[in-house]
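# Survey of secondary and tertiary structure
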Amino acid sequence: MKALQWQGVNKLAVGQVPDPEIRNAGDVIVKVNRTVTCGSDLHLLGGYIPFMERGDVLGPEFVGEVIEVGSDVRRHRVGDRVVVSSFIACGRCWFCEQQLYSLCDNGNTNPAITETLWGHAPGGCFGYSHAMGGNPGSHAEYVRVPFADVGAFTVPDTVTDERALFASDSASTGWMGADLGGVKPGDVVAVWGAGAVGQMAARAAVLLGADRVVVIDRYDNRLHQAEKHAGAEILNKALTVRGAQMHGQRYIPMLLDRMARGELVTEYLATHVLPLDDAPIAEGLDGGDESLRVLRDPEGNEFCLVQRGPGES
Ligand SMILES: NC(=O)c1ccc[n+]([C@@H]2O[C@H](COP(=O)([O-])OP(=O)(O)OC[C@H]3O[C@@H](n4cnc5c(N)ncnc54)[C@H](O)[C@@H]3O)[C@@H](O)[C@H]2O)c1
Ligand SMILES: [Zn+2]
């Protein structure tokens, strides 16, 4: 069959790959009707996810028709039109029982990679590198869908392919964003990023009863979509997030000048003086409910300054 293959950083090509086959009894084979790229694909294209191999088939989000079913599949038959979750989950492990499907213990056949990276392996994903199971994606004529009873959903006749398609990933992700944000009636919600995910998060917030939803991006065309289709207010302004370990050498001379001029006073931050012998107690206070900082003097007399929280002196 034909498929879109990753050939290297920022290199794609359509090539021939073997047709997928049923491997496990819970699999179905889906003939892809519609498939769409996700913002996450950029991370693969740009080489930020290092576990891609030349020839890997991309595509996380798709809708199609079931053309073959494994012997254990109960919820699907040949001919069903289905949308498939981009994450692959078994439905039976502890995480799946908690509905934490993207953390499934059995959906990712290469868990060692992400366990090493993050300390825990998430589930598998279609078309999303060998770190996420190396499952061929949906930018192809056919896809093998593991655990199809859990991950594939029959699409109602009244829902078009182009609508159902986005339930696969963007609409689920956006809705989950609003869900994790605890959006409730009357809230004022800001959504940064007006891609499909942000727009779906905004729409979810509207449907969950938020009073105002503001979508922020730098692309007017996306913002206009958010205004028209998600019912959101819009703001063309990018949020810049910057962070680092501090560059003390850059600031200390200037800070000392300001301290010398009395513009910057810090004595009030150190409110308690303790002898070094009491350092273990002071250590106990450090970071605890009452204190923020412990200072010690190596000479050992009156030296530990313990800063306490607001309201203490
Ligand atoms: N956790 C998941 O399961 C999951 C699933 C799907 C997508 N994602 C992630 O969600 C994000 C959005 O996905 P998408 O498909 O909508 O991506 P996208 O690339 O189409 O859209 C991202 C938007 O964010 C805007 N943006 C970037 N930086 C901004 C800034 N500083 N201030 C304001 N706007 C800014 C961009 O202009 C762009 O319009 C991506 O990072 C993607 O990887 C996560
Ligand atoms: Zn599971």
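Just so we're clear, the structure is a prediction, and the values are computed from it rather than from any experiment.

### Let's talk about helix α7 (residues 196-207)
Across its twelve residues, α7 extends 16 Å between first and last C-alpha, which sits within 8% of the 16 Å expected from 1.5 Å per residue. Residues Ala196, Val197, Gly198, Gln199, Met200, Ala201, Ala202, Arg203, Ala204 and Ala205 constitute the buried set of α7. Buried residues along α7 sit against α6 (170-180), β10 (188-192), β11 (212-217) and α8 (220-230). Trailing α7 by a residue or two, Gly209 shows a phi angle of about 100°, which is positive.

### With respect to the site of ligand 1
In the vicinity of ligand 1, 20 residues are found, and the nearest of them are Gly39, Ser40, Gly193, Gly195 and Val197. Among the elements of the structure, α7 and β11 are those that each provide at least two residues to the shell around ligand 1. At three residues, α7 tops the list of elements feeding residues into the shell around ligand 1. For the shell around ligand 1, the residue count by class is nine nonpolar, seven polar and four charged.

### Looking at the nonpolar core
With 67 residues, the main nonpolar core has Val28, Val30, Ala89, Ala202, Ala205 and Val215 as its most contacted residues. Sorting elements by how many residues they give to this core places α7 first, with seven residues. Setting aside anything within four residues of it in sequence, one finds Val30 in contact with Gly64, Glu65, Val66, Val82, Val84, Tyr142, Val143 and Val145.

### Observations concerning the sheet that holds strand β8 (residues 142-145)
Strand order in the open sheet formed by five strands is β8-β3-β4-β5-β9, and the pairing between neighbours is antiparallel. The open sheet terminates on both sides in strands that have one partner only, identified here as β8 and β9 (152-154). Here the average twist between neighbouring strands, direction ignored, is 40°. Note that strand β5 (residues 81-84) and β9 share three bridges and pair antiparallel. Looking at β9, one finds that Val83 is bridged to Phe153.

### Quick notes on the confidence of the model for the protein chain
On average, residues of the protein chain score 90 in pLDDT, and 86% of them are at 70 or above. In the model, residues 309-313 has pLDDT below 50 throughout and makes six contacts with residues more than four positions away in sequence or in other chains.

### Some thoughts on the pairing of strand β4 (residues 61-69)
Put simply, side chains in a regular strand alternate between the two faces of the sheet. Here strand β3 (residues 28-36) runs beside β4; their pairing, made up of eight bridges, is antiparallel. For Val28, the partnering residue across the bridge sits in β4 and is Val69. Here β4 pairs with β5 via four bridges, running antiparallel. Within β5, the position partnered with Val63 by the bridge is Val83.

### A word on the pairing of β3
Relative to β8, β3 runs antiparallel, the two sharing four bridges. Directly across from Val30, in β8, lies its bridge partner Val143.

### Observations concerning the sheet that holds β10
Within the open sheet, the three strands sit side by side as β10-β11-β12. Their pairing is parallel. Lying at the two open borders of the sheet, with one neighbouring strand each, are β10 and β12 (233-236). The mean angle between the axes of side-by-side strands here comes to 20°, regardless of whether they run parallel or antiparallel. The sheet contact formed by β10 and β11 spans five bridges and is parallel. When the sheet's bridge partners are listed, Val188 is paired in β11 with Arg212.

### Here we look at the packing of α6 against α7
Contact pair α6 / α7: the axes reach a minimum separation of 7 Å and the direction vectors enclose 50°. With respect to α7, the element α6 is oriented oblique. Handedness of the α6/α7 crossing: right-handed. Residue-level contacts link Ser170, Ala171, Thr173, Gly174, Trp175, Gly177 and Ala178 of α6 to Ala196, Val197, Gly198, Gln199, Met200, Ala201, Arg203, Ala204 and Ala205 of α7. Within the contact of α6 with α7, the residues separate by chemical class into nine nonpolar, six polar and one charged.

### Digging into the packing of α7 against α8
It is the contact of α7 with α8, at a shortest axis distance of 10 Å, that shows an interaxial angle of 30°. Judged on the interaxial angle alone, α8 and α7 are roughly parallel. For the pair α7 and α8, the sense of crossing is right-handed. Side by side, α7 and α8 meet where Gln199, Ala202, Arg203 and Val206 of the first sit next to Gln225, Ala226, His229 and Ala230 of the second. Grouping the constituent residues of the contact of α7 with α8 by class yields four nonpolar, three polar and one charged.

Conventions adopted
- Residues numbered from 1 in each chain as written.
- Chains lettered and ligands numbered in written order.
- Predicted model: local features only at pLDDT ≥ 70, side-chain atom pairs only at ≥ 80, totals over all residues.
- Helix = DSSP H or I, 4+ residues; strand = E, 2+ residues; numbered from the N terminus.
- Expected span 1.5 Å × (residues − 1).
- Buried ≥ 20, exposed ≤ 12 C-beta atoms within 10 Å, placed from the backbone.
- Contact = placed C-beta atoms within 7 Å.
- Near = placed C-beta within 6 Å.
- Nonpolar A, V, L, I, M, F, W, Y, C, P; charged D, E, K, R; others polar.
- Core = buried A, V, L, I, M, F, W, Y, C linked by C-beta atoms within 7 Å.
- Pairing = 2+ DSSP bridges.
- Axes fitted to C-alpha atoms, helices over the stretch in contact; angles between N-to-C directions.
- pLDDT = per-residue confidence, 0-100.
- Parallel < 35°, antiparallel > 145°, perpendicular 65-115°, else oblique.
- Left-handed = near helix turned anticlockwise from the far one by under 90°.

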